[in-house]
Amino acid sequence: MKRDKTFGIYVPSYKRYDCIKTDKVLNDCTYVVRESEEQLYRDAGVRKILAAPDQEIDSLPKIRQWIIDHTPEDIIVQIDDDIERFSYVNKVNMEEIPDPDIIDAELVRIGQILSDLNLGFASIRMQESVIKYNEQFRFSSTIGLVCWFNKASLKSRYDENVRFKADTDFQLSELLNNRIIIVPEYLRAKAQYDKNSGGNNTNKNSSTMNETIEYLKNKWGKYYEHNFKTNQSKVKVRR
């Protein structure tokens, strides 16, 4: 990272103080939690904590935006709290990255690319499998788990009405406003997506999911679709 740019790693977390994962994978990160749960996370051994008023971060879009607005660094990365490992992938194999120093270097590298290109947003593909690998970098894909924000070039804000597909909505907004996002295909992470309790899975059910999907369809029209059989959203922006 350039000397005049600062970089920070943050982990938004809710109701997962009994299963700390991401903090054990990285050299350094700051958990962002609700004030009502701060002591529970401290008792669980989380090394660095930033607590916010419960009502200001009581959903994924709200906590994502709160971190962007209330942290001092120029470039930040937000990482899900259930990450078990990071890996390199290509068309034929996947290799776990056991060294936290290498993980740090990769996180900073993507932040540097955003800064150099004056872009606002980057994120990784949700699937760890090599089956979905195309090339080292893509500009559109279903993303999440790890999100980079270059505050100087960011042109979007998180929509608080999008309860369960906030990152997909933000991706579309950045594609609309900034034209390009970065998706580093070679870097993946393993997490218990949609399977563990707490976090953004709280109050998630078919009814609330349908409300979110319908909201996104009305908002983005032909550029967004959702497959209910696989529970996967698709960003239909030709690049």
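An account of the accompanying structure is given in this report. (Residues numbered from 1 in each chain as written. Predicted model: local features only at pLDDT ≥ 70, side-chain atom pairs only at ≥ 80, totals over all residues. Heavy atoms only, no water.)

**Some thoughts on the side chain of Asp23**
- Residue position: Asp23 is located in helix H1 (residues 22-25).
- Asp23 has contacts with Cys29, Tyr31, Gly45, Val46 and Arg47, leaving out every residue within four places of it along the chain. (Helix = DSSP H or I, 4+ residues; strand = E, 2+ residues; numbered from the N terminus. Contact = heavy atoms within 4.5 Å.)

**Brief notes about the pairing of strand E1 (residues 7-12)**
- Most of E1 sits inside the fold, with five of its six residues counted as buried.
- Judged from the four bridges that link them, E1 and strand E4 (residues 75-79) form a sheet pairing that is parallel. Each bridged residue has a counterpart across the sheet, and for Phe7 the counterpart in E4 is Ile75.
- Taken together, the three bridges between E1 and strand E2 (residues 30-34) define a ladder with parallel strand orientation. Its bridge partner being in E2, Pro12 is matched across the sheet by Val32. (Buried < 20%, exposed > 50% of the residue type's maximum accessible area, 1.4 Å probe, protein only. Pairing = 2+ DSSP bridges.)

**Overview of the pattern of salt bridges**
- Overall, the coordinates contain 17 salt bridges when judged by the stated rule.
- One salt-bridge network, held together by shared partners, links Arg16, Asp81 and Asp82. (Salt bridge = Lys/Arg side-chain N within 4 Å of Asp/Glu carboxyl O.)

**Details of the nonpolar core**
- The biggest cluster of nonpolar side chains holds 33 residues, and the ones touching the most others in it are Tyr31, Ile79, Phe86, Leu107, Val146 and Trp148.
- Tallying contributions element by element places helix H4 (residues 100-117) first for this core, with five residues.
- Judged by nonpolar contacts, the second largest core, of 31 residues, contains Ile67, Ala166, Leu175 and Ile213. (Core = buried A, V, L, I, M, F, W, Y, C linked by side-chain atoms within 4.5 Å.)

**Regarding the sheet that holds strand E5 (residues 83-89)**
- Spatial ordering of the open sheet is given by E6-E5-E11, a layout of three strands whose pairing is antiparallel. Each edge of the open sheet carries a strand with a single partner, namely strand E6 (94-96) and strand E11 (187-191). Averaged over neighbouring strand pairs, the angle between their axes works out to 35° when direction is ignored.
- Where E5 and E6 come together, three bridges link them in antiparallel fashion. By the bridge assignment, Ser87 is partnered in E6 with Glu96. (Axes fitted to C-alpha atoms, helices over the stretch in contact; angles between N-to-C directions.)

**Examining the pairing of E11**
- Counting buried positions along E11 yields four of five residues, so the element is predominantly enclosed.
- As defined by bridge partners, E5 adjoins E11 across five bridges and the pair is classed as antiparallel. Bridging from a neighbouring strand, Ser87 pairs with Arg188 of E11.

**Examining the packing of aromatic side chains**
- Counted according to the given criterion, the structure contains eight aromatic pairs.
- Ring centres of Phe149 and Phe170 lie 5.7 Å apart, and the angle between their planes is 75°; on these two criteria the pair is classed as edge-to-face. Residue Phe149 is found in strand E9 (residues 143-150), and its partner Phe170 is found in helix H5 (residues 166-178); the two are separated by 21 residues along the sequence. Each member of the pair, Phe149 as well as Phe170, carries the same accessibility label: buried.
- A connected cluster of aromatic rings, assembled from ring pairs, spans Phe121, Phe149, Tyr158 and Phe170. (Phe/Tyr/Trp six-rings, centres within 6.5 Å; stacked < 30°, edge-to-face > 60°.)

**Examining the sheet that holds strand E7 (residues 121-125)**
- An order of E3-E2-E1-E4-E9-E7 is seen for the six strands of this open sheet, with the pairing classed as mixed. In the strand order of this sheet, the two ends are held by strand E3 (49-52) and E7, each with one partner. Between one strand axis and the next, the sheet turns through 25° on average, direction left out of account.
- Packed onto the sheet, helix H3 (residues 60-70) meets E1, E2, E3, E4 and E9 and runs at close to 155° relative to E4.
- Across the sheet, H5 lies against E7 and E9, angled at about 45° from E9, the strand it touches most.

**Brief notes about unusual backbone geometry**
- The residue Lys15 is not glycine, and still its phi comes out positive at about 55°.
- Along the chain, Lys15 turns up in the loop between E1 and H1.
- One non-glycine residue with positive phi stands out, namely Arg179, at about 75°.
- By secondary structure assignment, the location of Arg179 is in the loop between H5 and strand E10 (183-184).
- The exposure class of Arg179 is partly exposed, given its relative accessible area of 48%.

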